[in-house]
Amino acid sequence: MHEFLTFADHLRLIGERSTAFRAAVAAAPSLDMQVPTHPERTLFDLVQHVGMGRRKSAAIVAAGPADAPPEKSAWEDGMGAPREREALLAWWTESVERLTSALREAGPDRGCWTWWGDSQSPQTSGAWARRQVPEIAVHTYDVQLTVGNPEPLPDEVALDGFDDCQFTLCSTDVAWPHEPAVVDYHATEGRSWRLRLSRNGARVARLGEPAVGEAPDPADASARGTASDLVLFFYGRIPPDSLKLELGGDRRIFDQLIAWDPSV
C-alpha cells in the first residue's frame, strides 16, 4: 500500500533537511570551496542560491492565487546573503522560517501560482510544501559531498521525493519529440512508477502489485535502485552509467529524457 505523506509531514521534513543543510555548511572548512555538482559555484554561492529559493517560494505561497509569481522585491531586498559564516547560517535559518511560516498560514489547500501548471500535481500551497523537501534534500547532499561526507537521502524523503519528481517535474502536456516509450522506475524499498512518453506528453502512474495470473506490459526502459539513488539520478547527481543503478531496455531513452526540456 502506497502511503502518502501529509502536509504536516512535509513541514517536518523541511525542518529536518534544513537542519542537516545548516550542519553541513557549518562543518565546511571554507565557504569558498567549489561545489562538485555545481562547479561554477562556491559553497557560499550555493547557500545563497538555495536560501533565495526558499524566500521566493515563501513569497509565492503568501501571495495566494495569482497568474504570475510576485515581484522580486517581495522576496529579495537586494542585499543578498551575508558572507560571514555565523551570519550566513542565521540568514539561512531565517529563510527557512519565512517559508514554513508562509506554509503554515496558508495551509495545504490554498491555490497559488506554480510553474508546473501542465503537470499532474495541483497548484496549491501543499504542493509547494512537498516540492521543498527533495529540493532542500538534494542540495544538502551537494553540501555534504563538498565537505567529503555525502549521505543518502532518508527513505521517507526519497520515496516521497521521487514520487513528486515524477508527478511534478516530469509529467507535462508538451509532446515527447521521440518515438513513444514506456519507462519504469523501481525503488528497492518496494515502490514503482511508470512513465508514458508520447505526442500527448508525459504521464506518470504508480505501479502496484499485478493481480494473480497477470503480468504488466513490458517497459521500453527501466531503472532500479534505492529511492535515494533514483532521486539523485533524476537530479543529475548520479550518471546513467552509475553502478548504483540497474538499467534495463533501451538506455538511449534515458539520454533523451536528460536532454529533453519541455519548456523550450
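The residue numbers shown here count from 1 along each chain, following its written sequence. For a predicted model such as this one, the threshold for reporting local features is a pLDDT of at least 70, and the threshold for listing and counting side-chain atom pairs is 80 or more; totals across whole chains, interfaces and linings nevertheless cover every residue. Calculated side-chain values reflect all of the structure's heavy atoms, with hydrogen atoms and water omitted.

By the naming in an unreviewed UniProt entry, the protein chain is Maleylpyruvate isomerase family mycothiol-dependent enzyme, taken from Micromonospora musae.

**Let's talk about the overall build of the protein chain**
Of regular secondary structure, the protein chain possesses seven helices and seven strands. Start at the N end of the protein chain and walk to the C end: the helices and strands fall as α-β-β-α-α-α-α-β-β-β-β-α-β-α. Over its C-alpha atoms the protein chain spans a radius of gyration of 19 Å, differing by no more than 12% from the 18 Å that the globule rule assigns to 264 residues. For each residue, the accessible area found with a 1.4 Å probe, counting protein chains only, is set against the maximum for its type, and the residue is called buried under 20%, exposed over 50%, and partly exposed in between. Per-residue burial for the protein chain yields a buried fraction of 48% across its 264 residues. Restricting to contacts in the protein chain with at least 6 residues of sequence separation, those with at least 24 account for 68%. Within this scheme the basic residues Lys and Arg register as positive and the acidic residues Asp and Glu register as negative, but His and the chain ends are omitted. For charged residues, the charge sits on one atom: NZ in Lys, CZ in Arg, CG in Asp, CD in Glu. Each charge sign in the protein chain was given a centre, from 26 positive and 39 negative side chains, and these centres are 2 Å apart. Going along the chain from the N terminus, every DSSP run of H or I of four or more residues is numbered as a helix, and every run of E of two or more is numbered as a strand. Restricting the calculation to C-alpha atoms gives the radius of gyration, and the globule rule supplies 2.2 Å times the number of residues raised to the power 0.38. By definition in these notes, contact holds between two residues if any of their heavy atoms fall within 4.5 Å.

**As for the packing of helix α5 (residues 155–170) against helix α6 (residues 227–234)**
Between the N-to-C directions of two axes lies an angle of 0 to 180 degrees, each axis being a line fitted to C-alpha atoms and, for a helix, fitted only over the stretch in contact. Closest axis-to-axis distance for the α5/α6 pair is 8 Å, and the angle between their directions is 35°. As for the relative orientation of α5 and α6, their crossing is left-handed in sense. Each of Ala-158, Leu-159, Gly-161, Phe-162, Cys-165, Gln-166, Leu-169 and Cys-170 in α5 lies in contact with α6, whose residues at this interface are Ala-227, Ser-228, Leu-230, Val-231 and Phe-234. Working rule for handedness: look at the near helix, and if it is turned counterclockwise from the far one by less than a right angle, call the crossing left-handed; if clockwise, right-handed.

**Observations regarding the sheet that holds strand β4 (residues 191–198)**
Pairing between the strands of a sheet comes from backbone hydrogen bonds, and it takes one of two forms, parallel or antiparallel. Across the sheet, five strands lie side by side as β5-β4-β3-β6-β7; this open sheet has mixed pairing. The strands lining the two open edges of the sheet, one partner per strand, are β5 (201–207) and β7 (246–249). Sheet twist, expressed as the average angle between the axes of neighbouring strands with direction ignored, equals 15°. Here a strand pair is declared whenever DSSP counts at least two bridges between the two strands. Of the strand pairs in this sheet, strand β3 (residues 181–187) and strand β6 (residues 221–225) are connected by five bridges, and their pairing is parallel.

**As for the UniProt feature "domain: Mycothiol-dependent maleylpyruvate isomerase metal-binding" (unreviewed entry) in the protein chain**
UniProt positions are given in the numbering used here, feature names are shortened, and annotations may be inferred rather than shown by experiment. UniProt tags residues 11–144 as "domain: Mycothiol-dependent maleylpyruvate isomerase metal-binding" (unreviewed entry). Helix makes up 60% of residues 11–144 and strand 5%, whereas the separation of the span's terminal C-alpha atoms amounts to 22 Å.

**Observations concerning α5**
Each helix should span, by expectation, one fewer than its residue count multiplied by 1.5 Å. In a regular helix each residue adds 1.5 Å, so 16 residues correspond to 22 Å; α5 covers 21 Å between its end C-alpha atoms and thus fits that length. Of all 16 residues making up α5, 13 are buried, and the element is well covered by its neighbours.

**A word on the packing of aromatic side chains**
The pairing test for Phe, Tyr and Trp rings, Trp by its six-membered ring, is centres within 6.5 Å, and the orientation test on the planes gives stacked under 30 degrees, edge-to-face over 60, and tilted for anything in between. According to the stated counting rule, one finds 10 aromatic pairs in the structure shown. Summarising the aromatic geometry, the rings of Phe-233 and Phe-254 are spaced 5.8 Å apart at their centres and angled 70° between planes, so their arrangement reads as edge-to-face. Here Phe-233, found in helix α6, pairs with Phe-254, found in helix α7 (residues 252–259); they are 21 residues apart in sequence, far enough to count as distant. Residues Phe-233 and Phe-254 agree in their burial class; the two are buried. An angle of 75° between the planes, with centres 6.3 Å apart, marks the rings of Phe-234 and Tyr-235 as edge-to-face.

**As for the pairing of strand β2 (residues 38–42)**
One ladder, built from two bridges, connects strand β1 (residues 34–35) with β2; its direction is antiparallel. Looking at the pairing, Gln-34 lines up with Thr-42 of β2. The antiparallel hairpin formed by β1 and β2 contains two residues in its connecting segment.

**Some remarks on helix α2 (residues 43–63)**
For α2, with 21 residues, the first-to-last C-alpha span of 30 Å sits near the 30 Å given by 1.5 Å per residue. A positive phi of about 75° marks Gly-64, the residue just after α2.

**Considering the state of the cysteines**
By convention in this document, the label disulfide applies to cysteine sulfur atom pairs within 2.5 Å. Going through the model one piece at a time under the given rule, you end up with zero disulfides. Cys-112 takes part in no disulfide bond, and the closest cysteine sulfur to it belongs to Cys-165, at a distance of 19 Å. Cysteine Cys-165 is unpaired, with the sulfur of Cys-170 as its nearest cysteine sulfur at 9.0 Å. The class of Cys-165 is buried, set by a relative accessible area of 0%.

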